[in-house]
Amino acid sequence: MITVYGIKTCGSVRNALKFFKDNNIEVEFFDFKKETPSAKKIKDWTTKADINILFNNKGTKYKTLNLKELNLDSNGKYEWLCKEPLLFKRPVIEFGDKLVVAWDEEVYKNTFLK
């Protein structure tokens, strides 16, 4: 099962969901606005993708929380991701023991259409 984590208003998430729909791939959607992944799951993700890839330091939430001033290290970023899922770079896609972060059509084609 493929799980897409994100928010429906995010362009990258919409692109990903459209990609899966267009290719008749069934996915489960996890809405960051409605729920937060467990700290254990986030810790697991950091073993599959670099925290600097998972952590979105270009988004609105990062700016409104003034996180740049905190100069966060990896542990600080992890703690913020556990508290505020809108800080994830979206979408986060989990399938099997793999993780794909962000929208990149070529990566999706090579990963999901094989």
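In what follows, the structure referred to is the one given above.
Residues numbered from 1 in each chain as written. Predicted model: local features only at pLDDT ≥ 70, side-chain atom pairs only at ≥ 80, totals over all residues. Heavy atoms only, no water.

A description of the sheet that holds strand β4 (residues 98-101) should follow, citing residues and the corresponding values.
Across the sheet, 4 strands lie side by side as β2-β1-β3-β4; this open sheet has mixed pairing. Bordering the open sheet on either side are β2 (27-31) and β4, each of which pairs with just one other strand. Taken over all neighbouring pairs, the strand axes of this sheet differ in orientation by 20° on average, direction set aside. Note: strand β1 (residues 2-6) against β2, 5 bridges, orientation parallel. Following the sheet pairing, Thr3 is matched in β2 by Glu28. In the packing of helix α2 (residues 39-48) onto the sheet, contacts are made with β1, β3 (92-95) and β4, and the angle to β3 comes to roughly 90°. (Pairing = 2+ DSSP bridges. Helix = DSSP H or I, 4+ residues; strand = E, 2+ residues; numbered from the N terminus. Axes fitted to C-alpha atoms, helices over the stretch in contact; angles between N-to-C directions. Contact = heavy atoms within 4.5 Å.)

A description of the environment of Lys68 should follow, citing residues and the corresponding values.
On the secondary structure map, Lys68 appears in the loop between α4 (60-64) and α5 (74-83). With a relative accessible area of 67%, Lys68 lands in the exposed category. As for Lys68 and Lys58, which are separated by 10 residues in sequence, their C-alpha atoms are 9.9 Å apart. (Buried < 20%, exposed > 50% of the residue type's maximum accessible area, 1.4 Å probe, protein only.)

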